[in-house]
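Structural description and commentary
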Amino acid sequence: METPENNRGYESAEKIILRWDSTASEEGRERMIFGTDRQEADVYLQAVDEIQRTLSSASISDCSHNVDADDQLKVNTTIQIAMARLEDEFRNILIIHTSALEIDSLFDSSTSFSSSTPTHHELEDDEDCISDDSGSSRNNLLQLHHCESSDSSTYRTSSSIREVDLMPAEAICDLQAIAMRMIAAGYLRECIQVYGSVRKSSVDSSFRKLGIEKLSIGDVQRLEWEALEGKIRRWIRAARVCVRILFASEKKLCEQIFDCVGTDIDDACFMETVKGPAIQLFNFAEAISISRRSPEKLFKILDLHDALMELLPDIEAVFDWKSSDSIRVQAAEILSRLAEAARGILSEFENAVLREPSRVPVPGGTIHSLTRYVMNYISLISDYKQTLIDLIMSKPSTGSRYSGDPSTPDMEFTELEGKTPLALHLIWIIVVLQFNLDGKSKPYRDVSLAHLFMMNNVHYIVQKVKGSPELREMTADNCLRKLTGKFRQAATSYQRATWVSVLYCLRDEGLHVSGSFSSGVSKTVLRERFKTFNAMFEEVHRTQSMWLIPDGQLREELRISISEKLLPAYRSFLGRFRSQIESGKHPENYIKYSAEDLETAVLDFFEGYPAS
């Protein structure tokens, strides 16, 4: 076999390699081979091929002890110079063809996922942004350093994944050609490191533009919840872009460049590029999934759960190589923990409603803040109906719940057969809310005000149920009927507690006297009746004008009900006994009101401020 000194091909190739040696050649330091014309690059690659053939021949000859050690060293040195140069060229091509992604346009084209709640519609589907699949197939491996221009579209759609072409076809072919030679020469690790360092820097830049911060799990858990809510919204939007576009496009680029090698280098390069950013991305969701549970976190946790659930098929498609197992496993585990957190929060919320301890009477008997909070909360829960139905698997047992415990209400489930576990949860929350409100009505010294408080609060519950189609559908009709009956009963109890004693003053019993010189009516008793009525009505007017019924329709209905009982009774009493009072001294001291005056005064009731 010929030695390198007698091989003209080797000598010619060596000159080309040494010409571009940046440690010894000024031209090699000032110019990049692949930045000049295509012929220069082709010539250099052919020279590298020649050196590698010589090296291979020398290795075979060396086994037969026919090669001088100096010749072997010379070939090795030449190939090292060539590999160092190709490494620089590889890095330079990657750098000059790495451009910042237009993040806003990626948000516009990112696939949104369906949801029943408005918070999930931050990104809408825009089918015009999706190209058809006619040009979507990956470029076939082309002949050595001869690349034809690609006709592939800018976006390639696979399910909800949209891959962006990160580099032009010519640059990809150059990178292919260099990678093949570096790997053939045993420079696989160097190739992976160079590729990973450049592309990871690009991914990091995109992360910054997407608003993804480098936060550890501990950092996330130390943040106030108000700050985290905004970060969760941004994370959901960014995660869609990262998985469906950014990571998917990086994977496509690795396949385009390294598929030709015939090893798992595309897998290795992809993970070298995105493993760190992917872990950073999912660590945020993991931190939320294991954070302390509290009711206000439920809906953002459900948003995260739904987002990750929708992304999971895309995560499995993008990270489908064996080396990506850890990413897929992490995403699935986070999803499971988010589901468990949501279930736990809902159960803890039930207990919190039952045990909420405040017993300070609400001024004016208006709607308690707990009632508003709980009903608004379960209205939002109903917006997440499908998600929670999927998450809540265990159904409460039939029969009485917590039966026999005086500190908890009873709830019969036999009449709720067929309801979903979520519906039973919501009905139970309403039951325990009423139970708690009963306790909060006890500190009122005025029994009438206690009944008004219950009427206001149960009426608010009824209106919230009626106003939410999802909540009304989930709660049983008989549950709504019971609620309606309860607030009407409270209204009736209020009227009895307030007006029975007032109307008792307008009875005939006790006014008539017997005797030949008597008119049949005791004026003294009659005057005392009018004085008592006036005093009682004035006191009711003084206090109950400061009481509050926030719902205008309910307020008007109760006023009408009061007027329908009070005014006819007063007109009748006044009509029968006016003459006896007016025939005596100072009738104005006893007949202070006309029926019209009372009708006007009733309009002051339940306005929440003292009437004039």
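Residues numbered from 1 in each chain as written. Predicted model: local features only at pLDDT ≥ 70, side-chain atom pairs only at ≥ 80, totals over all residues. Heavy atoms only, no water.

Going by what an unreviewed UniProt entry lists, the protein chain is known as Exocyst subunit Exo70 family protein and is assigned to Gossypium barbadense. The UniProt entry for the protein chain carries the following comment under Function (unreviewed entry): "Component of the exocyst complex." As stated in UniProt under Sequence similarities (unreviewed entry), the record for the protein chain gives "Belongs to the EXO70 family." (UniProt positions renumbered as here; feature names shortened; annotations may be inferred.)

Some details on the overall build of the protein chain
On a plain count of helices and strands, the protein chain comes out with 21 helices and two strands. Residues counted as buried form 50% of the 612 residues belonging to the protein chain. Restricting the contact set of the protein chain to residue pairs at least 6 apart, pairs at least 24 apart contribute 79%. For the protein chain, the exposed area adds up to about 28,800 Å²; of that, 50% sits on carbon and sulfur atoms. (Helix = DSSP H or I, 4+ residues; strand = E, 2+ residues; numbered from the N terminus. Buried < 20%, exposed > 50% of the residue type's maximum accessible area, 1.4 Å probe, protein only. Contact = heavy atoms within 4.5 Å. Areas by Shrake-Rupley, 256 points an atom, 1.4 Å probe, with all protein chains shown as cover.)

Regarding unusual backbone geometry
Look at His586: it is not a glycine, yet its phi comes out positive at around 45 degrees. Here His586 shows up in the loop between helix 20 (552-582) and helix 21 (595-602). The phi torsion at Phe606 lies on the positive side, around 65 degrees, for a residue other than glycine. Tracing the backbone through its elements, the reader meets Phe606 in the segment after helix 21.

Quick notes on the packing of aromatic side chains
Counting across every chain of the model gives 23 aromatic pairs. An angle of 35 degrees between the planes, with centres 5.6 Å apart, marks the rings of Phe299 and Tyr384 as tilted. With Phe299 in helix 11 (residues 298-318) and Tyr384 in the loop between helix 13 (369-383) and helix 14 (385-391), this residue pair connects regions lying 85 residues apart in the sequence. The class for Tyr384 is buried, based on a relative accessible area of 4%. (Phe/Tyr/Trp six-rings, centres within 6.5 Å; stacked < 30°, edge-to-face > 60°.)

Considering the environment of Asn457
Tracing the sequence through the fold places Asn457 in helix 16 (residues 447-467). A sequence separation of 23 residues divides Asn457 from Gln434, and the C-alpha atoms of the two residues are 8.5 Å apart. Those residues in contact with Asn457 that sit more than four places away from it in its chain are Thr366, Ile367, His368, Thr371 and Leu437.

A few points about the pattern of salt bridges
Per the stated rule, a full pass over the model turns up 31 salt bridges. Residue Glu538 pairs with Lys592 through a salt bridge whose shortest N-O separation is 2.9 Å. Taken together, the positions of Glu538 in helix 19 (residues 523-544) and Lys592 in the loop between helix 20 and helix 21 put the pair 54 residues apart, joining distant regions of the chain. A relative accessible area of 29% places Glu538 in the partly exposed class. Overall, the relative accessible area of 44% leaves Lys592 in the partly exposed class. Glu539 is the partner of Arg542 in a salt bridge, and the nearest nitrogen-oxygen pair spans 2.7 Å. On the criterion of helical spacing, the pair formed by Arg542 and Glu539 is a turn pair, its members being three residues apart in helix 19. Several salt bridges converge on common partners, so that one network encompasses Arg555, Glu556, Arg559 and Glu607. (Salt bridge = Lys/Arg side-chain N within 4 Å of Asp/Glu carboxyl O.)

Let's talk about the environment of Asp604
By the element assignment, Asp604 lies in the segment after helix 21. A relative accessible area of 27% places Asp604 in the partly exposed class. Note: C-alpha distance between Asp604 and Gln544 (60 residues apart in sequence) is 8.2 Å. Polar contacts involving the side chain of Asp604 include one to the side chain of His541, which spans 2.9 Å. (Polar contact = N/O pair within 3.5 Å; in protein donor to acceptor, adjacent residues only side chain to side chain.)

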